[in-house]
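Survey of secondary and tertiary structure
Residue strings, one per chain:
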Amino acid sequence: MDGANLTMPLLSVQGLTKRYGPRIGCAEVAFELWPGEVLGIVGESGSGKSTLLSCLAGMQRPDEGAILWEGRDVLGFSEAERRRLLRGDWAYVHQNPRDGLRMGVSAGGNVGERLMAVGQRHYGAIRDTATDWLGRVEIAAERIDDRPSAFSGGMQQRLQIARNLVTGPRLVFMDEPTGGLDVSVQARLLDLLRGLVRDLGLSVVIVTHDLAVVRLLADRLMVMKSGRVVETGLTDQVLDDPQHAYTQLLVSSVLQV
Ligand SMILES: Nc1ncnc2c1ncn2[C@@H]1O[C@H](COP(=O)(O)OP(=O)(O)OP(=O)(O)O)[C@@H](O)[C@H]1O
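Residues numbered from 1 in each chain as written. Predicted model: local features only at pLDDT ≥ 70, side-chain atom pairs only at ≥ 80, totals over all residues. Heavy atoms only, no water.

**Re the overall build of the protein chain**
Within the protein chain, the regular secondary structure consists of 10 helices and 10 strands. Buried residues in the protein chain amount to 50% of all 257 residues. As displayed, the protein chain has an accessible area near 12000 Å², and 48% of this comes from carbon and sulfur atoms. (Helix = DSSP H or I, 4+ residues; strand = E, 2+ residues; numbered from the N terminus. Buried < 20%, exposed > 50% of the residue type's maximum accessible area, 1.4 Å probe, protein only. Areas by Shrake-Rupley, 256 points an atom, 1.4 Å probe, with all protein chains shown as cover.)

If you want it as structure tokens, here you go:
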């Protein structure tokens, strides 16, 4: 958290609305994210989680609202500024590792090219950093020249995480990072993610329909229904003592942990 500005939220979102024709994707979403905080966004399928995350991360343009990154209006950024932000201070972990990796490039190349994108040029240093990051995500150094297509789903996801974190982003968006994996693989990945979030003091916005994931990772929760936020609060508070009828239903039907 060196250099973090503790007097201002990292991200401040106001009145964010995205419509698809007459249909609401998300409506009037507002929240703040502070440095080192993990915000979980939960809700059933179709509740607007992905729409919100893609608007936040600049993959879709909202119809209304503001997204302030350390007080600066991201929606007013030029394309070059936006790309710089997405390469440096921000990172995005996709549910499907194929969407976040270059499948035709070696594991080391996948990690190393992110370093080159932020200006590193020394081949030896890049390879050393890539090797170190493969280790951090529990991929053996001897696999550095293998392509991700030779990896299991869990390994691919761990590689995507290394590729995203190697440049030291200050904000990480995660879309169902443990979705689509076997239960035992999910548990291991979740454990790894929890360690990285804690050790690096990451600020994260994580979308999931899995309450066990947010129970382990998130400091705070935002519960969405039909595109709107129906409840927010500290994770344990929301899960142990849900106030909104929808959250009560979500917790009683899903959470058996
Ligand atoms: N490209 C699109 N075109 C039209 N409607 C869309 C589009 N994407 C999402 N929607 C609608 O917006 C609403 C919110 O969907 P969204 O995918 O954001 O929810 P979600 O909570 O992420 O669901 P899931 O967990 O299934 O991804 C839904 O009513 C959905 O049908």
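**As for the site of the ligand**
Taken together, Tyr20, Arg23, Ile24, Gly25, Glu44, Ser45, Gly46, Ser47, Gly48, Lys49, Ser50 and Thr51 form the complete shell of residues around the ligand. Side-chain polar atom of Arg23 to an oxygen atom of the ligand: 3.2 Å apart, as the coordinates give it. Within the contact set of the ligand, an oxygen atom lies 3.0 Å away from a backbone nitrogen or oxygen of Ser47. Protein contacts shield 60% of the accessible area of the ligand, which totals 630 Å² for the unbound molecule. Sorting the residues of the shell around the ligand by element identifies β2 (23-33) and α1 (49-56) as the ones contributing at least two each. When the residues that make up the shell around the ligand are grouped by side-chain class, the tally is two nonpolar, seven polar and three charged. (Near = heavy atom within 4 Å. Polar contact = N/O pair within 3.5 Å; in protein donor to acceptor, adjacent residues only side chain to side chain. Nonpolar A, V, L, I, M, F, W, Y, C, P; charged D, E, K, R; others polar.)

**Topic: the UniProt feature "domain: ABC transporter" (unreviewed entry) in the protein chain**
Sequence positions flagged by UniProt for "domain: ABC transporter" (unreviewed entry) are, in local numbering, residues 11-251. Annotated as 40% helix and 25% strand, the span residues 11-251 places its first and last C-alpha atoms 28 Å apart. (UniProt positions renumbered as here; feature names shortened; annotations may be inferred.)

**Remarks on the side chain of Arg158**
Among the secondary structure elements, Arg158 is positioned in helix α6 (residues 153-165). Among buried Asp, Glu, Lys and Arg side chains, Arg158 stands out as unpaired, with Glu138 the closest opposite charge at 4.7 Å. Beyond its immediate chain neighbours, meaning those up to four positions away, Arg158 contacts Val137, Glu138, Ile139, Arg188, Leu189 and Leu192. (Lys, Arg positive; Asp, Glu negative; His and termini not counted. Salt bridge = Lys/Arg side-chain N within 4 Å of Asp/Glu carboxyl O. Contact = heavy atoms within 4.5 Å.)

**Topic: the sheet that holds strand β10 (residues 228-234)**
Here six strands make up an open sheet; going across it, the order is β6-β7-β8-β3-β9-β10 and the pairing mixed. At either margin of the open sheet sits one strand with a lone partner, and together these are β6 (90-93) and β10. The sheet shows a mean angle of 15 degrees between the axes of neighbouring strands, direction not considered. The sheet contact formed by strand β7 (residues 171-175) and strand β8 (residues 204-207) spans four bridges and is parallel. Across the sheet, Phe173 pairs through a bridge with Val205, a residue of β8. α1 contacts β3 (38-42), β6, β7, β8 and β9 (220-225) of the sheet and is inclined by roughly 150 degrees relative to β7. (Pairing = 2+ DSSP bridges. Axes fitted to C-alpha atoms, helices over the stretch in contact; angles between N-to-C directions.)

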